[in-house]
Amino acid sequence: MASTRRRGLAAALGASALVGAALVATPATASDNVAATQSKEACVDRAMDMARPLVKSVSKPGSARARGVNATIERIREASPECADVLFRDGTADNPNAGILVGDGFSYSDETCRDEEVCHGGAGGRLKGDGGDGFNGGNGGNAGWYGGSAGNGGNASVMGGNGGDGGRAGRFGDGGNGGNGAAGGNGGNGGSGGLLRGSGGNGGAGGNGGSIGPVGVAASASHAGDGGAGGRGGLLSGNGGTGGDGGNGGAGAHGAHGEHAVVVGGNGGHGEHGGQGGAGGRGGAGGIARGSGMDGVGGNGGQGGVGGTGGNGGNGGAAGDVRTGAGYGGNGGNGGSGGNGGDAGAGRPGAVGGAGGNGGVGGAGGNGGAGNAGGAGNAGGAGNAGVGGNGGAG
């Protein structure tokens, strides 16, 4: 089942590929089965000849009713009883794409798509049908040209996974929305609006960055995922989709504390510097309005991650006698730098650019180790404060 799901949407546009897949499952163990197979192939060829005028003229203006789409579909259905299962059917979990001409693509959910799989929503029938929704980062299915809704991309389910792209609309209608990325993954792109009229789908949000390394080990955080781009509008009218927001950068890890002196009069160890915060993700670009309508707004850049706190300096050893002075306390580590804010997504001409992401907050400086009384022990100095991150470009 996994291989069927990952094939995605390509099979919906070729009659021969779909027919071959449907007919291979029928055992040809006798001459009557061979004859039935040949009859079904001829049936599909005849149906595609009847549908060809509609398929070749999808870009020409005119409603489905004025073009007689429903009447043509019924004539094909009446003339094609022996291949109706190939031409007219809804998708299933095992075979998500709809029939060649009419039917709804299958939408996956947590009941039909296992955690480790990426499941693409099925394509609607070429003439009419809804596209199915993707799951676990799978793409949404395309809608039929003369009727049906586009499928939405699925949200990613695994660390670093990207969101799925939204499906495209038919001649009229809105594109599907992109799914959100997970833990540093990018958001999916919005699908295109209707070929003639319709708005593009919105891009999905990028996943937030995560911290790297356990507490006590200085490490920089991972960067966040970028937002997905908005889909474009229709040729005659329709708004561009909004770009997805970039994810926020992860926080830097805290620096390790310095070791305390273990010998009389020894100096304490220095604390490690805190890790740098991760950069925020870039906002997705707004979609283009190709006809009348507004271009999509770019997504906001993500906020940079907070820098990690520097480790405390270790305590100096106590004085032993008049000849042995007390050790110095170690210096505290510097706080890590905050991550840079993500760049805003580009607004297309006539659209408003997204705001730049805010700079990450600098990590607090580590505390200096306190000098012990006696001898020439000096008080430890305070660590330096971390540097704030830069804001993203507007």
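Just above, that's the structure.
Keep in mind that this is a model prediction, so the values were computed, not measured.

Trainee: Help me understand the environment of Gly-308, please; the structure alone is not making it clear to me.
Mentor: Counting through the fold element by element, Gly-308 comes out in the segment after helix H5 (84–87). We classify Gly-308 as buried; its relative accessible area is 0%. Taking the C-alpha atoms as reference, Gly-308 lies 7.9 Å from His-273; in sequence the two are 35 residues apart.

Trainee: Looking at this model, I keep getting lost on the state of the cysteines. Mind explaining?
Mentor: Throughout the structure, instances matching the rule amount to 2 disulfides. The residue that forms a disulfide with Cys-43 is Cys-83, at a sulfur-sulfur distance of 2.0 Å. The disulfide joining Cys-43 to Cys-83 has a torsion of about -65° about its S-S bond and is therefore left-handed. Linking Cys-43 in helix H3 (residues 31–56) with Cys-83 in the loop between helix H4 (69–79) and H5, this pair joins segments that are 40 residues apart in sequence. The same class applies to Cys-43 and to Cys-83, which are both buried. The disulfide partner of Cys-113 is Cys-119, and the gap between their sulfur atoms is 2.1 Å. Disulfide Cys-113-Cys-119: torsion about the S-S bond near 95°, hence right-handed. Grouping residues by exposure puts Cys-113 and Cys-119 together as buried.

Trainee: Even after reading the chapter, I still don't get the nonpolar core, so can you show me in this structure?
Mentor: If you look at soluble globular proteins, the nonpolar side chains tend to sit buried side by side. Core analysis: the biggest nonpolar cluster contains 21 residues, and Val-44, Ile-76, Leu-87, Ile-100, Leu-101, Leu-127 and Tyr-146 have the highest contact counts within it. Those elements giving two or more residues to this core turn out to be H3, H4 and H5. Ranked by residue count, the leading element in this core is H3, at 7 residues.

Trainee: How do you make sense of the packing of aromatic side chains when you look at a structure like this?
Mentor: Aromatic ring pairs are defined here through the distance separating the ring centres and the angle between the ring planes. The full count for this structure, using the stated rule, is 1 aromatic pair. Sitting above the plane of the Phe-88 ring, Arg-77 keeps its charged end 4.3 Å from the centroid. When the ring centre of Trp-145 is taken as reference, the NZ or CZ atom of Arg-168 above it lies at 3.8 Å.

What counts, and at which threshold
Residues numbered from 1 in each chain as written. Predicted model: local features only at pLDDT ≥ 70, side-chain atom pairs only at ≥ 80, totals over all residues. Heavy atoms only, no water. Helix = DSSP H or I, 4+ residues; strand = E, 2+ residues; numbered from the N terminus. Buried < 20%, exposed > 50% of the residue type's maximum accessible area, 1.4 Å probe, protein only. Disulfide = S-S within 2.5 Å. Core = buried A, V, L, I, M, F, W, Y, C linked by side-chain atoms within 4.5 Å. Phe/Tyr/Trp six-rings, centres within 6.5 Å; stacked < 30°, edge-to-face > 60°. Lys NZ or Arg CZ within 6 Å of the ring centre and 35° of its normal.

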